[in-house]
Amino acid sequence: MGKPSTLAFRHVRAARLLGVRRVRTASIAVAVLAALLLSGPGAMAADPSWSVVSSPNPATPAALSGVSCTSSSFCLGVGVYGKAGAERTFGERWNGGSTSLVTAAPAAGYTETELNGISCVSTSFCVAVGRYYKAGADHMILDKWNGTALASMSVPHLFGPGATLDLYSISCKGTTFCMAVGFYTAEPTYPFSMEWNGSAWSEQTVPAPSSTEDMQLSGVSCTSASFCMAVGYTGNNQLIVRWNGSSWSIVDDTTSGISPVAVRCRSTTFCMAVGTSYSGGPNENSLAEEWSGSTWSVLTSPNVSGQSTWLESVSCTGSSFCMASGYSYEESIDIDSTLSERWNGTTWSIVPTVNPTSPYDLLPGVSCAASGSAEFCLAVGQDYNGSVQSTLVEKYS
């Protein structure tokens, strides 16, 4: 039994520090709902935990890669289905009780398409990002949710014919401001960003470190049109840049051995980034970093014993609650398992997740929203039982 050969998702960021681009063969779909669990009259609420939510598949193989929630009753996840070389995009909507498929923009003339990330500000406005392949190169996708379907947005052509452009992440703070990040192919690859002003998309130049190694941005989070943080890597160093409303500036491009993949900011003085780190030995380790308003500091984060531990998404409702998701990998038996870690304002701890079947279950996307006095999270990914690859949605409640 081997890994599926379909859905060649480009989750290559986690293995970057080892110098091995371990292409993940599927994307991720996970959903989270917050509900109050009672064991009897007057009983105290049970400790929150993850459980699997039934999720449909447009076809198999299928997987979800990103999700965004505005409340415990609205989330929108995005992903891909179809065999390698013929992938198509799709979405799934969470309404507070169940998930359902939503229509994605048609992909006429494209041989493969992917949606990697999404950001929602209301039940009628979300923007999803990704890429499609045509005429020998990747091109960026920007799709807008209008309350009923995902439709293609007009996208400018950048960097000349044949240039490869991939978008990984997006953050919107209203219908008139979004920032998306990714990379474009040159020699080496370079980070770039796209800004939405309510009527059109335009490129915003990202300063590139002086390096001959590949660089990219894989995560972005904005608190307003005048403050964003984006994270990624440059060679074996982390790359963190900040947006001030008019331009990007480098915050750090010299710290080595760590590679942040995702970031979530709640204010100009609190952001949390997650990813992977490597300091020697057979395994890579989880990474968590906190922004204080002036500096980034690496926090202690737990790892699955004897396994590589990768965090690929993070969501925070405030400075005292964040949830990160990803997966762990046990090389000796070639098994991927879902993973989540929770921040309580002081420490990170592993929160047990569900692995419906072995051997390849992943959770690369998570989104949380406050639900009264409780927290609601939705995680998305994939479940592969050795023969069928399907969406995976889990709720934290």
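Quick look at the structure, then.

The rules behind the values
- Residues numbered from 1 in each chain as written.
- Predicted model: local features only at pLDDT ≥ 70, side-chain atom pairs only at ≥ 80, totals over all residues.
- Heavy atoms only, no water.
- Core = buried A, V, L, I, M, F, W, Y, C linked by side-chain atoms within 4.5 Å.
- Buried < 20%, exposed > 50% of the residue type's maximum accessible area, 1.4 Å probe, protein only.
- Helix = DSSP H or I, 4+ residues; strand = E, 2+ residues; numbered from the N terminus.
- Contact = heavy atoms within 4.5 Å.
- Phe/Tyr/Trp six-rings, centres within 6.5 Å; stacked < 30°, edge-to-face > 60°.
- Disulfide = S-S within 2.5 Å.
- Polar contact = N/O pair within 3.5 Å; in protein donor to acceptor, adjacent residues only side chain to side chain.
- Salt bridge = Lys/Arg side-chain N within 4 Å of Asp/Glu carboxyl O.
- Pairing = 2+ DSSP bridges.

### Let's talk about the nonpolar core
One finds Val127, Leu167, Ile170, Cys178, Phe192, Met194 and Trp201 to be the most contacted residues of the largest nonpolar core, which totals 19 residues. Contributing elements (two or more residues each) for this core: β7 (125-134), β8 (137-145), β10 (165-174), β11 (177-184) and β12 (190-196). The biggest single contributor to this core is β10, with 4 residues. Filtering out sequence-adjacent residues up to four positions away, Cys178 remains in contact with Phe125, Val127, Ile170, Ser171, Cys172, Met194, Glu195, Trp196 and Trp201.

### A few points about the packing of aromatic side chains
Summed over all chains, the structure comprises 13 aromatic pairs. Aromatic side chains Trp310 and Tyr329 sit 6.4 Å apart centroid to centroid with 10° between the ring planes, which places their arrangement in the stacked category. Note that Trp310 is positioned in strand β22 (residues 308-318) and Tyr329 in strand β23 (residues 321-330), a separation of 19 residues in sequence. Judged by relative accessible area, Trp310 falls into the buried class, the value being 3%. Owing to a relative accessible area of 11%, Tyr329 belongs among the buried residues under this scheme.

### A closer look at the environment of Trp145
Looking at the secondary structure, you find Trp145 in strand β8. Spatially, the C-alpha atom of Trp145 lies 9.8 Å from that of Ala105, the residues being 40 residues apart in sequence. Apart from the residues lying within four places of it in its own chain, the contact partners of Trp145 are Phe74, Leu76, Arg93, Val102, Thr123, Ser124, Phe125, Cys126 and Leu150.

### Points about the state of the cysteines
Tallying each qualifying case throughout the model produces 7 disulfides. Here Cys172 is linked by a disulfide to Cys178, with a sulfur-sulfur distance of 2.1 Å. Since a negative S-S torsion denotes a left-handed disulfide, the Cys172-Cys178 link at about 105° is right-handed. There is no split in this pair, since Cys172 and Cys178 are both buried. Through a disulfide, Cys368 is tied to Cys377; the S-S separation comes to 2.1 Å. When the S-S torsion is 105°, as for the bridge of Cys368 with Cys377, the disulfide is right-handed. Considered together, Cys368 and Cys377 belong to a single accessibility category, that of buried residues.

### Notes on the side chain of Thr164
Assignment of secondary structure puts Thr164 in the loop between β9 (150-152) and β10. At 3.4 Å, the side chain of Thr164 and the backbone nitrogen of Asp138 are in polar contact. Discounting residues that sit within four places of it in the chain, Thr164 has contacts with Ala137, Asp138, Phe183, Tyr184 and Thr185.

### Comments concerning the pattern of salt bridges
Between side chains of opposite charge, a pair can form when the charged atoms approach closely. One pass over the full model with this rule turns up 3 salt bridges. Of the charged contacts, one joins Glu114 and Arg131 as a salt bridge, the two residues approaching to 2.8 Å between their closest N and O atoms. Pair noted here: Glu114 is in strand β6 (residues 112-122) and Arg131 is in strand β7, with a separation of 17 residues, a long-range link. Its relative accessible area of 2% is what places Glu114 among the buried residues. On the basis of relative accessible area, Arg131 is assigned to the buried category, the value being 0%.

### Re the pairing of β6
Every other side chain in a regular strand lies on the same face of the sheet, so the side chains alternate between the two faces. Burial analysis of β6 places 9 of its 11 residues in the buried class, the great majority of the element. Turn length for the β6-β7 hairpin, with the two strands adjacent in sequence and antiparallel, is 2 residues.

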